[in-house]
Amino acid sequence: MKSLFDSEVYREILNRIDQLKATDRGQWGKMTVGQMVWHCQVPLKVAVANKPNSKKGNLLVRWFFKKSLYNDTPWRKNLPTSPFAKTTEAKDFTTEREKLRALITEFHQLNNRKTWNPHPLFGRLTHEQWGLMQYKHLDHHLRQFGV
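Residues numbered from 1 in each chain as written. Predicted model: local features only at pLDDT ≥ 70, side-chain atom pairs only at ≥ 80, totals over all residues. Heavy atoms only, no water.

## What about the overall build of the protein chain?
Step number 1: Assigned secondary structure in the protein chain consists of five helices and zero strands.
Step number 2: In the protein chain, the order of α-helices and β-strands from amino to carboxyl end is α-α-α-α-α.
Step number 3: Computed over C-alpha atoms, the radius of gyration of the protein chain comes to 15 Å, within 12% of the 15 Å expected from 2.2 N^0.38 for 147 residues, which places it in the range of a compact globule.
Step number 4: Taking the principal axes of its C-alpha atoms as reference, the protein chain extends roughly 40 × 30 × 25 Å. (Helix = DSSP H or I, 4+ residues; strand = E, 2+ residues; numbered from the N terminus. Rg over C-alpha atoms; globule rule 2.2 N^0.38 Å.)

## Some details on the packing of aromatic side chains
Step number 1: In the structure shown here, the tally under the stated rule is four aromatic pairs.
Step number 2: Ring geometry for Trp116 and Trp130: centres 5.0 Å apart, planes at 20 degrees, overall stacked. Placement of the pair is Trp116 in the loop between α4 (93–108) and α5 (127–144) and Trp130 in helix α5, with a sequence separation of 14 residues.
Step number 3: The buried category is assigned to Trp130, whose relative accessible area is 1%.
Step number 4: A cation over an aromatic ring shows up here: Arg113 above the ring of Trp116, its NZ or CZ 4.5 Å from the ring centre. (Phe/Tyr/Trp six-rings, centres within 6.5 Å; stacked < 30°, edge-to-face > 60°. Buried < 20%, exposed > 50% of the residue type's maximum accessible area, 1.4 Å probe, protein only. Lys NZ or Arg CZ within 6 Å of the ring centre and 35° of its normal.)

## As for the environment of Gln129
Step number 1: Mapped onto the fold, Gln129 is located in helix α5.
Step number 2: For Gln129 and Lys67, which are 62 residues apart along the polypeptide, the C-alpha to C-alpha distance reads 9.4 Å.
Step number 3: Setting aside its immediate chain neighbours within four residues, Gln129 contacts Tyr70 and Arg124. (Contact = heavy atoms within 4.5 Å.)

## Looking at unusual backbone geometry
Step number 1: Phi is positive for Asn50, close to 50 degrees, though the residue is something other than glycine.
Step number 2: One can find Asn50 in the loop between α2 (33–49) and α3 (59–65).
Step number 3: By relative accessible area, which is 16% here, Asn50 ends up buried.

Here it is, written out as structure tokens:
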């Protein structure tokens, strides 16, 4: 399993993002490419901010989905999107892509962070699990758009 904390993987993800074009269409789902690059920022913002929260998360989601965040099995197509990370608004692809690239870099540079607050939905994650999860989410959506 690849981690976004690995420098080679980090460069691979940025290269794949650079291959996206504003005219790309998803192979599944309803998001435009602009909405997808906006959507991919949400979990990175959660990780980078590392804000304490009192939420326990959704026990059902944690029980059934958490392990799939950091294992080698690709996520299936058309998984439901959290309302928090969903938009129906048009998003400017170029602007959102640059924001995503900056967040990926900021996350990658957290490789030495020792303390992680619980994820608001999935609860406690190890440092390693944060890196694996971020890679897997980005990979899922980059595959969705053919890169």
